[in-house]
Amino acid sequence: MEKINLNHIKDLIAEIINKSFHTLKDVEIKVIEKKKGRYSAMVRKNWNKYFLFINKHYLKIYDEDELKRVLAHELSHIEDWVKKGILFYIVNNLKCSFSKNYLEYYEKETDKKAIRKGYGEELAKQRGKRETMKDKNFHKNKRFYLTKKEIEQEIKNVSQA
Ligand SMILES: [Zn+2]
């Protein structure tokens, strides 16, 4: 499989924003490749700028669909912060760093948001791959995200709502 480069990631982000995150159309998001780290991707805010860090290691592992899931989850965070503002961002970050239970709640809510945005299938596929790989970071992080089973259940809930 061909390795996905940063320009491809930027195209995917533009595509996802166009399709599902209209609130982010005029938001500046800088994409930065990280050499290592515990997460596939993460986002940070600095005043009105947003930074999306993508872990080089996982670019080799995920296919395009799975990367879309990763990006849809991160864009769900950004949309939440854009809507709720800087104070929410600061308080929320503090709560996430002090309470593992809160972090678990917030990350799972973000997964659910990505599912409601229509990225459930990609999410299930990506979680399924990680659950099979069982890499070191997967074990460290798994508590904070929905399992493949929970994602499939949530897709059903959303379609029945
Ligand atoms: Zn997250």
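It should be noted that the structure appears before, not after, this text.
Residues numbered from 1 in each chain as written. Predicted model: local features only at pLDDT ≥ 70, side-chain atom pairs only at ≥ 80, totals over all residues.

**Overview of the overall build of the protein**
The condition is simple: Only runs of H or I of at least four residues qualify as helices and only runs of E of at least two qualify as strands under DSSP, and these elements are numbered from the N terminus. Around each residue's C-beta, the other C-beta atoms within 10 Å are counted; 20 or more make the residue buried, 12 or fewer make it exposed, and counts in between make it partly exposed. All C-beta atoms are placed from the backbone. Two residues qualify as a contact pair if the distance between their C-beta atoms, derived from the backbone, is within 7 Å.
Summing up its helical and strand segments, the protein has six helices and three strands in all. When the helices and strands of the protein are listed from N to C terminus, the series reads α-β-β-β-α-α-α-α-α. Dimensions of the protein along its principal axes, counting C-alpha atoms only, are 40 × 35 × 35 Å. For the protein, the residues scored as buried account for 25% of the 161 residues in total. Here the analysis covers contacts within the protein between residues at least 6 apart in sequence; of these, 61% occur between residues at least 24 apart.

**Let's talk about unusual backbone geometry**
Located in the positive-phi region is Trp-47, a residue other than glycine, with phi close to 50 degrees. Tracing the backbone through its elements, the reader meets Trp-47 in the loop between strand S2 (41-46) and strand S3 (49-55). Overall, the presence of 6 C-beta atoms within 10 Å leaves Trp-47 in the exposed class. Backbone geometry at Lys-134 places phi at a positive 45 degrees, although glycine is not the residue there. As for its placement among the helices and strands, Lys-134 is situated in the loop between helix H4 (100-133) and helix H5 (136-141). The class of Lys-134 is exposed, set by 9 C-beta atoms lying within 10 Å.

**Here's the deal with the sheet that holds strand S1 (residues 28-34)**
Quick reminder of the rule: Following DSSP output, two strands are said to pair if at least two bridges run between them. To obtain an axis, a line is fitted to C-alpha atoms, over the contacting stretch when the element is a helix, and the angle between two such axes runs from 0 to 180 degrees between their N-to-C directions.
What the three strands build is an open sheet, ordered S1-S3-S2; its pairing is mixed. The two strands at the open ends of the sheet, each matched to only one other strand, are S1 and S2. Each strand axis lies, on average, 25 degrees off the axis of its neighbour in the sheet, ignoring direction. As paired strands, S2 and S3 are joined by six bridges and run antiparallel to one another. Counted as the bridge partner of Met-42 is Phe-53 from S3. In this fold helix H3 (residues 64-98) packs onto S1, S2 and S3, with an angle of close to 25 degrees to the strand it touches most, S2.

**Here we look at the packing of H3 against H4**
Cut-off, in case you're wondering: Each angle gets one of four labels, with under 35 degrees taken as roughly parallel, over 145 as roughly antiparallel, 65 to 115 as roughly perpendicular, and the rest as oblique. In this scheme the crossing of two helices becomes right-handed for a clockwise turn of the near helix relative to the far one and left-handed for an anticlockwise turn of less than a right angle. Only Asp, Glu, Lys and Arg are considered charged, only Ala, Val, Leu, Ile, Met, Phe, Trp, Tyr, Cys and Pro nonpolar, and every remaining residue, Gly among them, polar.
One can describe the packing of H3 onto H4 by two numbers: an axis separation of 8 Å at closest approach and a directional angle of 165 degrees. With respect to H4, the element H3 is oriented roughly antiparallel. Every pair of crossing elements has a handedness; the one defined by H3 and H4 is right-handed. Its residues assigned to classes, the contact of H3 with H4 shows nine nonpolar, six polar and eleven charged.

**Things to note about the nonpolar core**
How we decide: By convention the nonpolar core is taken to be a set of buried residues drawn from Ala, Val, Leu, Ile, Met, Phe, Trp, Tyr and Cys and joined through C-beta atoms within 7 Å.
Core analysis: the biggest nonpolar cluster contains 22 residues, and Ile-16, Leu-71, Ala-72, Leu-75 and Leu-123 have the highest contact counts within it. At the level of elements, helix H1 (6-20), S3, H3 and H4 are the ones that each hand at least two residues to this core. With six residues, the single largest contributor to this core is H3. Leaving out residues up to four positions away in the same chain, Leu-75 has contacts with Ile-16, Ile-17, Phe-21 and Leu-24.

**Structural notes on H4**
The condition is simple: Helix span, as expected, comes to 1.5 Å for every residue beyond the first. Think of it this way: the bend at a residue is just the angle between two axes, each fitted to seven residues, one set ending at that residue and the other starting at it.
An ideal rise of 1.5 Å per residue puts 50 Å on 34 residues; H4 reaches only 24 Å between its terminal C-alpha atoms. Helix geometry: H4 is bent most strongly at Tyr-119, by close to 120 degrees. Of the surrounding elements, those touching the buried residues of H4 are H3, H5 and helix H6 (148-160). The positive-phi residue at the C-terminal boundary of H4 is Lys-134, with phi of around 45 degrees.

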